[in-house]
Amino acid sequence: MSEQHITPRAKDYAQWYQDVISAAQLAEPAGVVRGCMVVRPHGWAIWEKIQGELDRRFKETGHQNAAFPLLIPLSFLQKEAQHATGFAMECAVVTHAGLKTVDGQIQLKNELEEPYVVRPTSETIIGHFFAKWIDSYRDLPMLLNQWCNVMRWELRTRLFLRTGEFWWQEGHTAHASHEEAREEVMRMLDVYREVYHDVLAVPVIRGRKSDNEKFAGALETYCVEAMMQDGKSLQGATSHDLGQNFGKAFNVTFQNKDGARDFVWQTSWGASTRMIGALIMAHSDDGGLVLPPRLAPIHVAIVPIWKNDAEKAQVLEASDKLARELRSDGLTVKLDDRDDKRPGEKYYDWERKGVPLRLEVGPRDVASGTAMGKSRIADAKDKVKVPFENVGVHVGAILDSLQKQLFERALAFRAANIVKVDSWADFQAVFADQNSKFVLAHWDGTTETELAIKEATKATIRCIPLAAEGFDDGAGKCVKTGQPSAQRVLFAKNY
RNA sequence: CGGGGUGUGGCUCAGCUUGGUAGAGCGCUUGGUUCGGGACCAAGAGGUCGGAGGUUCAAAUCCUCUCACCCCGACCA
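Residues numbered from 1 in each chain as written. Chains lettered and ligands numbered in written order. Predicted model: local features only at pLDDT ≥ 70, side-chain atom pairs only at ≥ 80, totals over all residues. Heavy atoms only, no water.

(A) Quick peek at the environment of Ala425. By the secondary structure assignment, Ala425 is in helix H13 (residues 424-430). Exposure remark for Ala425: the relative accessible area of 54% places this residue in the exposed category. Between the C-alpha atom of Ala425 and that of Val479, which follows or precedes it by 54 residues, the distance is 9.2 Å. (Helix = DSSP H or I, 4+ residues; strand = E, 2+ residues; numbered from the N terminus. Buried < 20%, exposed > 50% of the residue type's maximum accessible area, 1.4 Å probe, protein only.)

(B) Up close: the sheet that holds strand S7 (residues 142-151). With mixed pairing, 11 strands are arranged side by side in an open sheet as S3-S7-S8-S14-S11-S10-S9-S22-S25-S21-S20. Edge positions in the sheet fall to strand S3 (64-65) and strand S20 (418-420), since each of these pairs with one other strand and no more. In this sheet, strand S21 (residues 438-442) lies alongside S20 in parallel orientation, the contact comprising 3 bridges. Bridging from a neighbouring strand, Ile418 pairs with Phe438 of S21. Against the sheet, helix H5 (residues 123-133) touches S7, strand S8 (165-175), strand S11 (233-243) and strand S14 (265-272), its axis set at about 30° to S8. (Pairing = 2+ DSSP bridges. Contact = heavy atoms within 4.5 Å. Axes fitted to C-alpha atoms, helices over the stretch in contact; angles between N-to-C directions.)

(C) Representation of the protein's contact with RNA strand B in the model. Around RNA strand B sit 42 residues in total, of which Arg156, Arg162, Arg274, Arg352 and Asp365 are the nearest. Counting only the atoms of RNA strand B within 4 Å of the protein, the fraction contributed by sugar and phosphate is 45%. Within the side chain of Arg342, an N or O atom sits 2.8 Å from a sugar or linking oxygen of RNA strand B. Note that a base nitrogen of RNA strand B is positioned 2.5 Å from one of the side-chain N or O atoms of Asp365. Mapped by element, the contributors of at least two residues to the surface near RNA strand B are helix H1 (13-23), helix H10 (343-352), strand S17 (357-361), helix H11 (363-368) and strand S18 (370-375). Looking at which element gives the most residues to the surface near RNA strand B, the answer is H10, with 7 residues. (Near = heavy atom within 4 Å. Polar contact = N/O pair within 3.5 Å; in protein donor to acceptor, adjacent residues only side chain to side chain.)

(D) Local environment of the side chain of Ser233. Secondary-structure assignment places Ser233 in strand S11. Residue classification places Ser233 among the buried positions, given a relative accessible area of 0%. Among residues more than four places away in sequence, those in contact with Ser233 are Glu225, Ala226, Phe438, Arg462, Ala492, Lys493, Asn494 and Tyr495.

(E) View of the nonpolar core. Residues Phe160, Leu200, Met228, Ile280 and Met281 are the most contacted members of the largest nonpolar core, which totals 53 residues. Where this core is concerned, the elements lending two or more residues are H1, strand S2 (37-39), helix H2 (41-60), helix H6 (178-200), strand S10 (220-227), S11, S14 and helix H8 (274-283). Sorting elements by how many residues they give to this core places H6 first, with 9 residues. Each residue touching Met281, except ones within four places of it in the same chain, is listed here: Tyr13, Trp16, Tyr17, Leu161, Met228, Gln229, Leu234 and Tyr495. In terms of nonpolar packing, the next biggest core, distinct from the first, is built from 24 residues, Cys91, Leu140, Ala216 and Val252 among them. (Core = buried A, V, L, I, M, F, W, Y, C linked by side-chain atoms within 4.5 Å.)

(F) Molecular detail of the packing of helix H9 (residues 309-328) against helix H12 (residues 391-416). At their nearest, the axes of H9 and H12 sit 9 Å apart, and the two run at 65° to each other. Classified by the interaxial angle, the pair formed by H9 and H12 is roughly perpendicular. As H9 packs across H12, the resulting crossing turns out to be right-handed. Residues Leu322, Glu325 and Leu326 of H9 touch H12, and the partners they reach there are Val391, Gly392 and Val395. (Parallel < 35°, antiparallel > 145°, perpendicular 65-115°, else oblique. Left-handed = near helix turned anticlockwise from the far one by under 90°.)

(G) Summary view of H12. The terminal C-alpha atoms of H12, which comprises 26 residues, lie 37 Å apart, in line with the 38 Å expected from a rise of 1.5 Å per residue. The complete set of buried residues in H12 reads Val391, Gly392, Val395, Leu399, Leu402, Gln403, Leu406, Phe407, Ala410 and Arg414. (Expected span 1.5 Å × (residues − 1).)

(H) Spatial organisation of the sheet that holds S17. A sheet is described by the order of its strands in space; here 5 strands give the open sequence S16-S15-S17-S18-S19, paired in mixed fashion. With partners counted over all chains shown, the strands left at the sheet margins are strand S16 (333-335) and strand S19 (384-387), one partner each. Pairwise comparison of adjacent strand axes, ignoring direction, gives a mean angle of 30° for this sheet. As judged from the 5 bridges shared by strand S15 (residues 300-304) and S17, these two strands associate in the parallel manner. The residue bridging Val303 from the neighbouring strand is Glu360, located in S17. Contacts from H9 reach S15, S16, S17 and S18 within the one sheet, and its direction differs from that of S15 by about 170°. Packing against the sheet, H10 makes contact with S15, S16, S17 and S18, and its axis sits at approximately 175° to S15.

(I) Up close: H9. Look at H9: 28 Å from first C-alpha to last across 20 residues, which is about the 28 Å you get at 1.5 Å a residue. Turning to H9, the residues buried within the fold contact S15, S16, S17, H11, S18 and H12. Where H9 begins, the side chain of Asn308 points an oxygen toward the backbone nitrogen of Ala310, at a separation of 3.2 Å. Remark: Gly330 follows H9 within two positions and exhibits a positive phi of approximately 90°.

(J) Local environment of the pairing of S15. A large share of S15 lies buried, amounting to 5 of its 5 residues. Neither face of S15 is left uncovered, since the one carrying Val300, Ile302 and Pro304 and the one carrying Ala301 and Val303 both have all their residues buried. Relative to S16, S15 runs parallel, the two being bridged by 3 bridges. Its bridge partner lying in S16, Ile302 is registered against Leu335.

(K) The environment of Asp103, seen in detail. Positionally, Asp103 belongs in the loop between strand S5 (93-102) and strand S6 (105-118). In this structure the C-alpha to C-alpha distance between Asp103 and Asp426, which are 323 residues apart in sequence, comes to 68 Å.

Purely spatial values, then, with no claim about function.
The following block contains the structure:
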């Protein structure tokens, strides 16, 4: 429980991000394993909450969980050309089995005939099994999901945002028609959007990736993009229309009603522990982590206040009763009865861990039958009285309100930092120095222009927003080349 | 992987230029006083200075290599 200084956002945003993670004890660099992280209990508890919310929705939409091998035969990677080149540089490879001791030194023993790749994603090995399991249109759709860890040998890592190993889910489905597969792609994109909006309280923009940004091996990639507090964008989840690319590569065929054979149409979709990074950078402040109630491992921290043994007995009894009542309402409550810390330090302690609501219970409160409540994002001077009577109802209302406030605050921030830009000079001005906003601008649709814009400003096309996002205001001219453009696309610097 | 920076008790760092028996603050342990926004006093524990090799009578300090982390870039969820 060391005292932890958090660098203010305005001073050094990147340092602030790391300080928040450290102060809340979410994770730390493994140190002994390049680029990998250790997710500490408080961080993993948040991930478990996210998993629960996603998993329930996956099952509601007809998917089943399964598990596939961590190791993938090297030859599998080679079967889909784009996929292979896309992941080649990031693969960790297992080349040996067994160890031997020579002169007291441990050495590798048996070289494998065919090396294995530690999965960077599982399209290939799942494709192999789809081929085995799918024969008829009656076997379709096949709707699977896997919760697992994957490894990508990244050159530059940042906790949660990009690490060598990370935890995620990858959905893999096979369908009888392209139309059906496309429906699946959009359905799962909307599941991600719902979880971001209703659970993480982070507004996202749904869209399609440009050819340059799409997944290696996909026909099209869709994504949700979220704005962080520095105006940069973070890709929150992806949903891929794989077409028949993997079906052809792994010979996944089925016989249709007319007796003809065809390749299946596949999708894959994923979201990772990176969501925790999005959560941090969307809501947290200079006081540390801010968690939306629906993801908080601890909803309420009760801090009892006493001066002597008689008061201690009294306030602990009242606090304990409160805790029990709140727990019976399904809330997770921490009664902080540590006697080696004074109340003030406990306040900071729970605040930097992101606990949504603190209840203070002292002799005065016991006498009045109310606790002093402070929501995580309220000013210290804006504490509210929370009656002991029906405390669950009052606390529930405060938490619901906080959940809503966080979403609205994030939405308002995004609205204030999203701009339509029509001149190249204005475009460059927005992205000058380290600055970023969400810029809706016209683009001529070529990779060449996209790369030229990136070269000049470091901003990239985050997505081509779906019409449903309401940003489309008709055709125009490319902000860089003046060539015709059908619709505005979303530019930003990104994580 | 290219450029820059940093590695010294759990944490933040001083000491290195000019080699000579490892320091501070915080945290931790014990006891006491405290307790409504980061308490105080006293007594303790804890480090072969990231690792390996070299120079030297002697290395945290000088040299070489290596590993890790951070920042910028390229790559990427």
